[in-house]
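# Reading the structure
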Amino acid sequence: MDFALDRIPAGRNVTVCPGDVFIVSYPKSGNTWTRFLIGNLIYQNEPVTFANVETLLPSIYVHSDRKLRRLPRVLKSHDCFDPRYRTVVYIVRDPRDVVVSAYHYAIKLRVLPRGWGVEQFVPALLDGSFESGLLVNPRFGSWHDNVASWLAMRHNRKFLLLRYEDMLEDPKRELAKVASFLDLSASPESLIRAVQLSSADRMRELEKKQAADWALTKNTHLDMAFVRKATSGNWQVELPPQTVACIERAWGSLMQTLGYELVSTPEEVSVTR
Amino acid sequence: MWNRLRHTVRAVLGVNPAGRRLTVFPDDIFIVSYPRSGNTWARFLIGNLLYPKTQVSFANVESLIPAIHLFPDRRLRAMPRPRVLKSHEYFDPRYKRVVYFVRDPRDVAVSVYYYSIKRRDIPDTMPLDEFIPRFVGGEFFEDFGTWEEHVQSWQATRNGKNGFVCIRYEEMLTKPMDMMANIASALRLEFTTKALAGAVELSSAARMKDLEKEQSADWKLTRSTRQDVPFVREAKSGGWKSKLSMTAVLTIERKWGTTMKDLGYQLAGDMSETRSKLEPV
């Protein structure tokens, strides 16, 4: 029935057209912020909000394929490597911050099992035993699956890698990279405007007004924010050392490739083994 | 338009082949490869190991180890578990137990060329030199990505991890017993040397060629293709040396040389200028 009524979000079945641009990341890695930044650069007269982001830079998980074919083709995706995506802006974030963010988001989504602390949540996230729709869909893979599958393709397509931490450090510089990658005209003024219109403060203000309507947040705890801290390194206060060791043991070598310094001692790694 | 309608009707009836839409169970075993890289041989080998009494043939291979690209999800869901399935998919994070076959892309290219003629995708008048650039550019098997994308997507995510074993077609030819032992150990199955040898014997190219002669008009994969071009062709390695021009070889190596070297395939041309995949991000 849903199929006939065209209600099923496209997801992996999205029809890919030449010229499509995909904004791809593992969940909780800065995808929404990147959509705001890019959207505010593309649409000089219409600031991006939670009310229009799904029509300006639509998510493949929100609209049906048919609807998507009538919308602008700068698309948001969390899928693992898909050979049909020919132009990809990929955002990667320190996985220790990603799991902290995912933990709070799981509470907001009401999908965290009762009584679970972050030290139960993280190992279940790592071994794939925790699954929940949009937060960790099996098709997204683990953080490692997702990042490794795309990173291996960075030489055989139009591919731009952004680090969330670099974006925090200098959003204007990173957005300029995107502009030149996508051949968007970008004056210094338009870059500054886009960065300001996409600031964490402005996104929080917009969320307060619009969260009840946005597809991603409308059925979640509205007293918890989607735009949370928007910082890096918060894992250092939120994660117990054994949880950090657990992440670094599983994904350490890929983290190092990406420039994320490991902190666990060999003893901590072996204790939790 | 008609294709879309046909697809929609088939989707409503639930008869579209599963492919990427397959429901995956955690105990599923997948035999995965790029097309023309020894997947059918692997199905015979593994099938003959798991079902020695039945003996795999082209008549029963699709019920013993069905291809996810030939059957609807509904039908595959009804199979007894654990299922053993054939897949040509690029990396799918849901596959937890994978036997991955990789083959020298120069031989894959030659094999795809003849297979495309068999399937009437290209006329048999098309020269190999015209086919190769199109193959390397990703024109055939679009749904599965290019050879390099396919291999890279699995290697980058699963190499060295539990539940994954990568078998080179060439080593399967030269050391079949060692490779069969690797497969069994990756699947955490125990077999006697005699059982391994029996499976290799029952899956020889000669036997498969005989079976194809009798059964190819019935097998789903070959029944609507040209019967004068065989599916089981040379079953050898290095055939590219006599088939491909140096230009064709260099076209492949320039594009995929780094990945080929990483897998231990020696390059014929000078690739001093190819970039290393191991460079830091």
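Relevant structure appears above.
Within any chain, residue numbers begin from 1 and follow the written order of that chain's sequence. To label them, take the chains in the order written and letter them from A, then take the ligands in the order written and number them from 1. Local features in this predicted model are restricted to residues of pLDDT 70 or higher, and side-chain atom pairs are both shown and tallied only at a pLDDT of 80 or more, whereas totals for entire chains, interfaces and linings draw on every residue.

Glancing now at the pairing of strand β2 (residues 84–87) of chain B. Residues and elements named next belong to chain B. Burial in this document is a count-based property: other C-beta atoms within 10 Å of a residue's C-beta are tallied, and the residue is buried at 20 or more, exposed at 12 or fewer, or partly exposed in between, with C-beta positions derived from the backbone. The secondary structure listing takes helices from DSSP runs of H or I that are at least 4 residues long and strands from runs of E that are at least 2 residues long, numbered from the N terminus. Here β2 shows a buried face lined by Val84 and Lys86 and a second buried face lined by Leu85 and Ser87. Alignment of strand β1 (residues 29–33) against β2, held across four bridges, turns out to be parallel. The residue bridging phenylalanine 30 from the neighbouring strand is leucine 85, located in β2. Each pair of strands is called paired provided DSSP finds at least two bridges between the two strands.

With that settled, the discussion passes to helix α13 (residues 246–262) of chain B. All names here are of chain B. Maximal helix bending in α13 amounts to about 80°, located at tryptophan 256. Turning to α13, its buried residues number three or more, namely Ala248, Thr251, Ile252, Glu253, Lys255, Trp256, Gly257, Thr259 and Met260. Tucked inside the fold, the buried residues of α13 contact α5 (105–118), α6 (128–136) and α7 (147–158). Phi turns positive, to about 90°, at glycine 264, one or two residues after α13. Two axes enter the bend calculation: one fitted to the seven residues ending at the residue in question, the other to the seven starting there, and the bend is the angle between them. The contact criterion used is a C-beta to C-beta distance within 7 Å, with each C-beta placed from the backbone.

Next up on the list: the interface of chain B and chain A. If you look at the interface, chain B gives 17 residues, while chain A gives 20 residues. Looking at the side of chain B that touches chain A, the elements that each hand over two or more residues are α1 (2–13) and α7 of chain B. Residue contributions to the side of chain B that touches chain A peak at six residues, all from α7(B). Following the grouping adopted for this structure description, the nonpolar residues are Ala, Val, Leu, Ile, Met, Phe, Trp, Tyr, Cys and Pro, the charged ones are Asp, Glu, Lys and Arg, and the polar ones are all others, Gly among them. Taken together, the residues of the side of chain B that touches chain A break down into eight nonpolar, four polar and five charged.

Moving on, we come to the environment of Asp201(A). Among the structural elements, Asp201(A) can be located in helix α10 (residues 200–210). Under the C-beta neighbour-count criterion, Asp201(A) is labelled exposed, with 10 such atoms within 10 Å.

Another point: the sheet that holds β2(B). All names here are of chain B. Ordered by their spatial adjacency, four strands build an open sheet running β2-β1-β3-β4, and the pairing between neighbours is parallel. Only two strands of the sheet have a single neighbouring strand rather than two, namely β2 and β4 (164–168). Direction aside, the axes of adjacent strands within the sheet are offset by 20° on average. With five bridges joining them, β1 and strand β3 (residues 97–102) adopt parallel strand pairing. Of the residues in β3, the one forming a bridge with valine 32 is tyrosine 100. Only the contacting stretch of a helix is used when fitting its axis, a line to C-alpha atoms as for every element, and angles between N-to-C directions run 0 to 180 degrees. Together, β1, β2 and β3 form the strand contacts of helix α2 (residues 39–50), whose direction differs from that of β1 by roughly 155°.

Residue and element names in this part refer to chain A. Two elements in contact, helix α8 (residues 171–181) and helix α9 (residues 188–197), have axes separated by 10 Å at closest approach and are oriented at 115°. Read as a crossing pair, α8 and α9 show a hand that is right-handed. Seen from α8, the contacting residues are Pro171, Lys172, Leu175 and Ala176; seen from α9, they are Leu191, Ile192, Ala194 and Val195. Split into classes, the residues belonging to the contact of α8 with α9 amount to seven nonpolar, no polar and one charged. A crossing counts as left-handed when the near helix is turned anticlockwise from the far one by less than a right angle, and as right-handed when that turn is clockwise.

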